[in-house]
Amino acid sequence: MKGTVLYGPSDIRFEDLETPKIIEPTDAVLRLAATCVCGSDLWPYRGLQPIGGPTPMGHEYCGFVEEVGSAVKSVKPGQFVVGSFATSDNTCAHCQYGYQSSCIHREFMFRAQAPFLRVPQADGTLVPTAGGSPSDDLVPSLLACSDVLGTGWFAADAANVMPGGTVVVVGDGAVGLLGVLSAKQMGAERIIAMSRHDTRQKLAREFGATDIVAERGDEAVARIKDMTKGIGADSVLECVGTQESMMQAIGATRPGGYVGYVGVPHGVEFKGEELFYRHVHLHGGPAPVRRFLPKLIDLVLNGTINPGKVFDLTLPLDQVAEGYRAMDERRAIKTLLRP
Ligand SMILES: [Zn+2]
């Protein structure tokens, strides 16, 4: 099998890798229907996050169960499944509280930008689609559930989005755009998307944004304050992970409001005293996608949502290097890869 390996900045190779097989009795091996490039893959791709040598890439996946280990009970060969980027037993205390991405058996997935994938903790990690194999046109939206939608949904959940509430979304990448979709599904009345890119603004509006703000930093905070009678937003979704985006998110939140942050922080620092006087709830982290998967899969299968629209570039898997380049150069919002 050939798969995707990052060798260093801007150096993606599609090369021979060992075909995955069952190692633990709790494993499954999947034949992937689709995989994709994540915004978080761009951090090491750009050399902003060190890697310890050649690293197989990819953590978003859906597809058909090829083989299961002897202890696996809830998924069977032939089923179509979606799994999270973090594995979970779905039974430990953290899982029971809904924080499967802090499972005591958590492993962060990688190697998914490949035709086959080994998934540990298959029973707790994978969710089969109801009603058999989905039609092929639903595959992009089901793939989105694996991370990008699940993460946008968690941002909205962590930001305590309520029916009738005012929401700000910082970040117009795929997660931010699906944060808009998630806030809309949760009944937000006003959704302000921060974006200065025409195609992303359009998609944000399609997903439910009522307003667009192009300013950044202090100017952006001032605009949000203007738009909310000087109060600030009830819920702010931080979907970038830089110091500027985090301070923008905190600044846009009203006292007593909530910031849900899912952008992987790079160089973000807080001053305790400054935070103290802000009066905001901060909740974030790697999204417990597994908590939301059954609901999100349902919403896709019954046609309520179409999160697959964030994929504006589809390539054969062997052209994965171009998929990274297109996202790095912001020619594509998100690249879908077909094995
Ligand atoms: Zn667990």
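Residues numbered from 1 in each chain as written. Predicted model: local features only at pLDDT ≥ 70, side-chain atom pairs only at ≥ 80, totals over all residues.

Chemist: What should I look at first to understand the environment of Thr210 in this one?
Modeler: Turning to its location among the elements, Thr210 is positioned in the loop between helix H7 (198-207) and strand E11 (211-213). It is 9.7 Å that separates the C-alpha atoms of Thr210 and Val180, two residues lying 30 residues apart in sequence. Beyond its immediate chain neighbours, meaning those up to four positions away, Thr210 contacts Arg190 and Ile191. (Helix = DSSP H or I, 4+ residues; strand = E, 2+ residues; numbered from the N terminus. Contact = placed C-beta atoms within 7 Å.)

Chemist: Mind showing me how you'd approach the domain arrangement of the protein chain here?
Modeler: In many reports, interface size means the accessible area that the parts give up when they come together. What the domain assignment reports for the protein chain is domain 1 (2-147 + 288-338) and domain 2 (152-284). Placing a centre on the C-alpha atoms of domain 1 and another on those of domain 2 gives a separation of 26 Å. Taken residue by residue, the interface counts 14 residues in domain 1 and 13 residues in domain 2. The residue inventory of the side of domain 1 that touches domain 2, partitioned by class, reads ten nonpolar, two polar and two charged. (Domains from an automatic or database assignment. Nonpolar A, V, L, I, M, F, W, Y, C, P; charged D, E, K, R; others polar.)

Chemist: Can you help me understand the sheet that holds strand E13 (residues 253-261) in this one?
Modeler: Either a parallel or an antiparallel arrangement is found when strands of a sheet pair, and the pairing is made through backbone hydrogen bonds. Taking strand neighbours across the sheet as the criterion, the six strands line up as E11-E10-E9-E12-E13-E14 in an open arrangement whose pairing is parallel. Of all strands in the sheet, those bounded by a partner on one side alone are E11 and strand E14 (281-284). Put simply, the sheet's adjacent strands are angled 20 degrees from each other on average, direction ignored. Relative to E14, E13 is paired through four bridges, and the arrangement is parallel. Looking across to E14, one finds that Gly260 is bridged to His283. (Pairing = 2+ DSSP bridges. Axes fitted to C-alpha atoms, helices over the stretch in contact; angles between N-to-C directions.)

Chemist: What is the right way to look at helix H8 (residues 217-227) in this model?
Modeler: Helical periodicity: at 3.6 residues per turn, an α-helix aligns residues three or four positions apart in one direction. For H8, the full list of buried residues reads Ala220, Val221 and Ile224. The buried residues of H8 occupy one face: seen down the axis, they fall within an arc of 100 degrees. Facing away from the buried surface of H8 by more than 90 degrees, the exposed residues are Asp218, Glu219 and Asp226. In this structure, the buried side of H8 is in contact with strand E9 (166-170), strand E10 (190-194), E11, strand E12 (233-238) and helix H9 (243-252). Looking one or two residues beyond H8, the residue adopting positive phi is Lys229, at roughly 55 degrees. (Buried ≥ 20, exposed ≤ 12 C-beta atoms within 10 Å, placed from the backbone. Arc of directions from axis to C-beta.)

Chemist: What exactly am I supposed to notice about the packing of helix H5 (residues 148-158) against helix H6 (residues 174-185) here?
Modeler: Helix-helix packing is described using two parameters, namely the angle between the two axes and the distance between the axes. Across the interface, H5 lies against H6 with an axial gap of 7 Å and an inter-helix angle of 55 degrees. Accordingly, the angle class assigned to the pair H5 and H6 is oblique. Read as a crossing pair, H5 and H6 show a hand that is right-handed. Along the contact surface, H5 presents Val148, Leu149, Thr151, Gly152, Trp153, Ala155 and Ala156, while H6 presents Ala174, Val175, Leu178, Gly179, Leu181, Ser182 and Ala183. Within the contact of H5 with H6, the residues separate by chemical class into ten nonpolar, four polar and no charged. (Parallel < 35°, antiparallel > 145°, perpendicular 65-115°, else oblique. Left-handed = near helix turned anticlockwise from the far one by under 90°.)

Chemist: Even after reading the chapter, I still don't get the environment of Ile305, so can you show me in this structure?
Modeler: Note on placement: Ile305 falls in the loop between helix H11 (289-301) and strand E15 (313-316). Taking the C-alpha atoms as reference, Ile305 lies 18 Å from Pro128; in sequence the two are 177 residues apart. Not counting residues up to four positions away in its chain, the partners in contact with Ile305 are Leu181, Gln185, Leu299 and Val300.

Chemist: Would you mind showing me how to read unusual backbone geometry here?
Modeler: Glycine aside, the phi torsion of most residues is negative, and most peptide linkages are trans. You will see that Asn160, though not glycine, has its phi angle at about 60 degrees, which is positive. Assignment of secondary structure puts Asn160 in the loop between H5 and E9. The partly exposed category is assigned to Asn160, around which 17 C-beta atoms lie within 10 Å. Of note, His279 is a non-glycine position whose phi angle comes to about 65 degrees, a positive value. With respect to the helices and strands, His279 occurs in the loop between helix H10 (272-278) and E14.

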